[in-house]
Amino acid sequence: MKPVAVIILNWNGAALLRRYLPSVVANTNPDIADVIVADNGSTDNSLEVLASEFPGVEVIRFTENHGFAEGYNRAIAIAAREYTLLLNSDVETPPGWIEPLYEAMRADSHIGACQPKILSVADKGKFEYAGACGGFIDRNGYPYCRGRIFATCEKDCGQYDNIADIFWASGACLMVRRAIYLDAGGLDTAFFAHMEEIDLCWRIKLAGFGIAAVPQAK
């Protein structure tokens, strides 16, 4: 069994699967990870697209839409790998994207979760709003990132190319030790949308583990 499960949660996202899944399949090292799509009760042709166009991708089928948090909780309970990587369905991955994350986790048992450098697919010279190069939270509870303050995203000029301890890692591309994820209680289903990964990372930090940004992966 591979050490990493790359899990993409899908709900009625056939068009996104066709656009982004080819890069994930092509550029995910098969010696390290299995690519898994957890389908959240889609009513479009997602399952048909997966069966006909991505026959090598493992599929977990749910009969109803459990939402983001519960969908991932259920999928991670099923996909028993040492490491889990939560990956949004609208993420493009280049060659060599997963190795630095995996190597960082293996090299430092203190790291409970990590994220790559996340760049905009529309403007690849800029950081993406959803996580940029690692998240923090200020004293008033506002989340911000290396590379993004409020709605302003910086150009990537290599200014954050060091591995860094952060407060939260983006759920758009989040690698976590599965045992720690489960021990922490997984994603809190009380969050309807957004902030659930910040809450999870906070609990992981309270359990004594670190959260890291690994910009050698992007």
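Conventions we followed
Residues numbered from 1 in each chain as written. Predicted model: local features only at pLDDT ≥ 70, side-chain atom pairs only at ≥ 80, totals over all residues. Heavy atoms only, no water. Helix = DSSP H or I, 4+ residues; strand = E, 2+ residues; numbered from the N terminus. Buried < 20%, exposed > 50% of the residue type's maximum accessible area, 1.4 Å probe, protein only. Contact = heavy atoms within 4.5 Å. Areas by Shrake-Rupley, 256 points an atom, 1.4 Å probe, with all protein chains shown as cover. Arc of directions from axis to C-beta. Lys, Arg positive; Asp, Glu negative; His and termini not counted. Salt bridge = Lys/Arg side-chain N within 4 Å of Asp/Glu carboxyl O. Core = buried A, V, L, I, M, F, W, Y, C linked by side-chain atoms within 4.5 Å.

Student: With reference to specific residues and values, describe the overall build of the chain.
Tutor: Regarding its fold elements, the chain presents 6 helices and 12 strands. With the C-alpha coordinates of the chain rotated into their principal frame, the extents come out at 45 × 35 × 35 Å. Among the 218 residues that make up the chain, the fraction classed as buried is 52%. For the chain, the proportion of contacts with a sequence separation of at least 24, taken over those separated by at least 6, is 71%. For the chain, the accessible surface area stands at approximately 10100 Å², while carbon and sulfur atoms represent 54% of it.

Student: An account of the environment of Gly208 is requested, with residue identities and associated values reported.
Tutor: Relative to the helices and strands, Gly208 is located in the loop between helix H6 (196–206) and strand E12 (210–214). Taking relative accessible area as the criterion, Gly208 reaches 46% and is therefore assigned partly exposed. The spacing of Gly208 and His110 is 98 residues in sequence and 8.0 Å in space, taken between C-alpha atoms.

Student: Explain helix H2 (residues 46–53) to me, and be specific about the residues and the numbers.
Tutor: Along H2, the residues that are buried comprise Ser46, Val49 and Leu50. The buried residues of H2 occupy an angular sector of 100 degrees when projected down its axis, which confines them to one face. When the buried face of H2 is taken as reference, the exposed residues oriented beyond 90 degrees from it are Glu48, Ala51 and Ser52.

Student: If you had to explain the side chain of Glu196 to someone new, which residues and values would you point to?
Tutor: By the secondary structure assignment, Glu196 is in helix H6. Although Glu196 is buried, it makes no salt bridge; Arg203 carries the closest opposite charge, 9.7 Å away.

Student: I'd like to hear about the nonpolar core, residue by residue, with values.
Tutor: If you look at the biggest cluster of nonpolar residues, it comprises 35 residues, and the most contacted ones within it are Ile7, Tyr72 and Ile204. Mapped by element, the contributors of at least two residues to this core are strand E1 (4–10), strand E2 (33–40), strand E3 (58–62), helix H3 (67–78), strand E11 (173–177), helix H5 (178–183), H6 and E12. Beyond its immediate chain neighbours, meaning those up to four positions away, Ile204 contacts Gly112, Ala113, Val176, Ile180, Ala184, Phe209 and Ile211. By size, the runner-up hydrophobic cluster in this structure holds 33 residues, among which are Val4, Ile8, Tyr83 and Trp97.

Student: Which residues make up the pattern of salt bridges, and what values do they have?
Tutor: Applying the stated criterion across every chain, the model contains 9 salt bridges. Among the salt bridges present, the one from Arg74 reaches Glu70, with a minimum N-O distance of 3.0 Å. Of the two residues, Arg74 and Glu70 both sit in helix H3, 4 residues apart, roughly one turn of that helix. Overall, Arg74 belongs to the partly exposed group, its relative accessible area being 36%.

Student: A description of unusual backbone geometry should follow, citing residues and the corresponding values.
Tutor: Phi is positive for Ala132, close to 40 degrees, though the residue is something other than glycine. Inspection of the secondary structure assignment puts Ala132 in the loop between strand E5 (111–116) and strand E6 (135–137). With a phi close to 75 degrees, Met195 is a non-glycine residue in the positive phi region. With respect to the helices and strands, the residue Met195 is situated in the loop between H5 and H6.

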